[in-house]
Structure formats: C-alpha cells, structure tokens
Amino acid sequence: MVLVKTRNLLKCYPMGLRTLTALRKINLEFQRGEFCGLIGPSGSGKTTLLNIIGSLDVPSQGSVTVLDKKIEELSHVEAARLRRNHIGFIFQTYNLLPLYTAYENVEFPLLLIDMPEAKRKKKVMDALDWLGIADKAESRPAQLSGGESQRVAVARAIVKLPDLVLADEPTANLDAENSFNILEMMVKLNQELNTTFIFATHDEKVIRYLRRKIHLVDGQVVKDEIVN
Ligand SMILES: Nc1ncnc2c1ncn2[C@@H]1O[C@H](COP(=O)(O)OP(=O)(O)OP(=O)(O)O)[C@@H](O)[C@H]1O
Ligand SMILES: [Mg+2]
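Since we're looking at a predicted model, the values are computed, not measured.

What counts and how
- Residues numbered from 1 in each chain as written.
- Chains lettered and ligands numbered in written order.
- Predicted model: local features only at pLDDT ≥ 70, side-chain atom pairs only at ≥ 80, totals over all residues.
- Heavy atoms only, no water.
- Near = heavy atom within 4 Å.
- Polar contact = N/O pair within 3.5 Å; in protein donor to acceptor, adjacent residues only side chain to side chain.
- Areas by Shrake-Rupley, 256 points an atom, 1.4 Å probe, with all protein chains shown as cover.
- Helix = DSSP H or I, 4+ residues; strand = E, 2+ residues; numbered from the N terminus.
- Core = buried A, V, L, I, M, F, W, Y, C linked by side-chain atoms within 4.5 Å.
- Buried < 20%, exposed > 50% of the residue type's maximum accessible area, 1.4 Å probe, protein only.
- Contact = heavy atoms within 4.5 Å.
- Pairing = 2+ DSSP bridges.
- Axes fitted to C-alpha atoms, helices over the stretch in contact; angles between N-to-C directions.
- Parallel < 35°, antiparallel > 145°, perpendicular 65-115°, else oblique.
- Left-handed = near helix turned anticlockwise from the far one by under 90°.
- Nonpolar A, V, L, I, M, F, W, Y, C, P; charged D, E, K, R; others polar.
- Patch = residues over 30% accessible without salt bridge, like charges linked within 9 Å, V, L, I, M, F, W, Y side chains within 5 Å.
- Salt bridge = Lys/Arg side-chain N within 4 Å of Asp/Glu carboxyl O.

### Topic: the site of ligand 1
With respect to spatial proximity, 14 residues lie near ligand 1, and among them Ser42, Gly43, Lys46, Thr47 and Thr48 are the closest. Separating an oxygen atom of ligand 1 from a side-chain N or O atom of Lys46 is a distance of 2.8 Å. For ligand 1, an oxygen atom lies 2.5 Å from a polar atom in the side chain of Thr48. Out of a free accessible area of 640 Å², ligand 1 has 65% covered by protein chains. Counting residues per element, the ones that place at least two in the shell around ligand 1 are strand S1 (2-15), strand S2 (18-31) and helix H1 (46-53). With 3 residues, the single largest contributor to the shell around ligand 1 is H1.

This is how it looks when you write it as structure tokens:
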C-alpha cells in the first residue's frame with residue numbers, strides 16, 4: 001500500500017534577484033512499512049523534502065499525498081489532524097519544549113489525542129524506558145545532554161505509535177552505542193508494527209540500516225536503490 005506519494009515537487013526560495021531551487025522534480029512513492037532514507041550532502045534538500053512530506057512546509061509546485069489525502073487540499077486544521085494522528089517527527093534540532101520535563105515532552109502528543117490518563121502514563125514511561133532515559137523523566141531539556149535530548153525527542157515521536165516517522169538526522173548527537181540502541185528500537189517498531197520510517201541523514205551508522213536509499217544531489221533524486 002502506498003503511504004506517501006510526491007508528484008513533481010518543486011521548492012524555490014527567492015534570494016534577492018536570484019532564485020534558489022531547493023527541490024526539483026521529486027517523484028517518489030513510499031510503501032507502508034518501508035525503512036528508508038534520504039541521503040546526500042549538506043544543502044541537498046533532505047530536510048526540505050521531509051518537512052514537505054510531513055506538511056510542515058508547502059512546495060512551490062507539485063503535490064504530496066499522505067494516506068490517500070492530498071496535502072494541498074487540506075485545511076490547516078485537517079493537516080494538523082493528519083500530523084497529530086499519523087505522523088511522528090524527529091527534528092535535526094530536537095525542538096523540545098524547554099519548560100517541560102522529559103516526561104511532559106513525551107506526553108505532549110498524547111494530550112492531543114483522546115487517551116485515558118492511566119494508559120497515557122504507561123505509554124510515556126514505556127517510551128522513556130525503551131530509550132533508556134526513564135531516570136531522566138523529571139529533567140528539563142537544559143539539564144539533559146545532547147544525546148539525552150535526542151532520545152527524549154525520539155520517545156516523543158514514537159510514543160503514539162504513528163504510521164509514519166519522519167526522522168531528520170536522529171543520531172546527529174548520539175554516540176555509537178546510543179545510535180545503535182535507537183536504531184535497533186526503530187527496526188523493532190518497523191518489523192513488529194509495520195511503522196514506516198523515512199530518515200534524512202548522512203550518518204553511516206544510520207545508512208547501514210536502511211533498506212532503501214534515496215540519494216539527493218542539488219535537490220534532485222540521482223539514485224533510488226533497494227538494499228537487500
Ligand atoms: N527558509 C529558507 N530560505 C532560503 N533557502 C533555504 C531555506 N531553507 C532551506 N534553504 C536552502 O535550501 C537548500 C536545501 O536545504 P535543506 O535544509 O533541505 O538541506 P539538507 O539536505 O537538509 O542539509 P543538511 O544536511 O545540512 O541538513 C539549501 O541550499 C538551503 O540553503
Ligand atoms: Mg537537513
């Protein structure tokens with residue numbers, strides 16, 4: 001089943017008299033259950049594409065379909081509902097809420113969907129546990145290391161068991177052991193719950209795990225390979 005489809009995506013930024021083309025002619029399909037990544041040098045358009053797929057950004061031209069919904073036809077409220085119910089985000093720069101504890105950050109997406117308190121509490125603690133940071137539940141982001149912050153961000157992205165996880169450089173601030181643990185947990189989610197993962201990364205540790213590699217150069221797909 002096709003989960004995400006892009007048609008002729010173009011993203012341009014006006015830069016004074018010139019135009020910077022961040023993405024051009026992106027035609028991709030992602031099936032449910034894929035574990036794949038956008039890879040390419042800095043500035044090649046990975047984050048831009050991930051944000052457009054997640055409806056956090058809009059293309060200059062072209063269309064994106066997620067779970068049979070055309071993003072460009074959705075209202076802000078409908079797009080927010082799609083994100084809230086189906087998509088988990090892990091950002092390059094964590095985006096944790098600074099005044100909230102680790103527990104509260106992970107709990108946040110569950111407060112947006114209807115869930116009884118006891119179940120919510122268990123889910124949050126399970127997610128923190130999976131990522132080995134249950135002992136940091138009461139810490140605020142400023143009291144966490146970069147790696148711990150990223151693990152909180154990963155817990156927040158997966159706590160509601162979304163259909164699709166968009167992960168932008170999720171291991172950028174993690175050591176080898178933490179990267180390994182997070183990736184193993186993501187593989188487990190992928191295999192057991194068929195959660196779809198789309199990464200943006202240039203980390204070899206992540207790339208080794210990918211079953212499909214989409215290479216971007218200057219905003220274009222130059223290679224799309226399935227790895228066995
Ligand atoms: N808001 C913006 N205004 C102007 N140009 C932008 C904007 N956002 C991104 N760009 C440009 O678009 C191009 C693609 O950026 P993007 O962040 O998608 O790259 P990336 O592949 O994620 O890079 P990195 O590996 O460094 O994260 C870059 O040339 C960048 O400078
Ligand atoms: Mg990026």
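What follows picks up the thread again.
### What to know about the nonpolar core
Val106, Leu128, Met186 and Phe199 are the most contacted members of the largest nonpolar core, which has 38 residues in total. Those elements that provide at least two residues to this core are strand S3 (35-39), helix H3 (102-111), helix H4 (117-130), helix H5 (146-158), strand S7 (164-168), helix H6 (176-193), strand S8 (196-201) and helix H7 (204-207). Filtering out sequence-adjacent residues up to four positions away, Met186 remains in contact with Phe35, Ile90, Val154, Pro170, Phe197 and Phe199. Counting residues in each nonpolar core, the second largest holds 28 residues, with Cys36, Leu50, Leu74 and Ala200 among its members.

### Details of the pairing of strand S6 (residues 87-90)
Note on strand geometry: in a regular strand, side chains alternate between the two faces of the sheet. Burial along S6 is two-sided: Ile87 and Phe89 facing one way and Gly88 and Ile90 facing the other are all buried. Here S6 runs beside S7; their pairing, made up of 4 bridges, is parallel. What sits directly across from Gly88, in S7, is Val165.

### So, the packing of H3 against H5
For any two helices packed against each other, the geometry is given by the interaxial angle and the distance between the axes. Running from N to C, H3 and H5 cross one another at 25°; their axes reach a closest spacing of 7 Å. As summarised for this structure, H3 and H5 are arranged roughly parallel, according to the angle between their axes. Viewed along their axes, H3 and H5 form a crossing whose handedness is right-handed. When H3 is examined against H5, the residues Ala102, Asn105, Val106 and Pro109 are found in contact with a partner set consisting of Val152, Ala155 and Arg156. Class assignment for the residues of the contact of H3 with H5 results in 5 nonpolar, 1 polar and 1 charged.

### Focus: the environment of Ala153
In this structure, Ala153 sits in helix H5. Setting aside its immediate chain neighbours within four residues, Ala153 contacts Phe89, Ile90, Tyr94 and Leu96.

### Some thoughts on a nonpolar patch on the surface
Residues Leu97, Leu99, Tyr100, Phe108, Leu111 and Leu112 make up a contiguous nonpolar surface patch of about 550 Å² in total accessible area. By the secondary structure assignment, Leu97 is in the loop between S6 and H3.

### Regarding unusual backbone geometry
Positive phi outside glycine occurs at Asn8, with the angle close to 45°. Inspection of the secondary structure assignment puts Asn8 in strand S1. Look at Ser55: it is not a glycine, yet its phi comes out positive at around 60°. Relative to the assigned elements, Ser55 resides in the loop between H1 and strand S4 (61-66). The exposure class assigned to Ser55 is buried, which follows from its relative accessible area of 12%.

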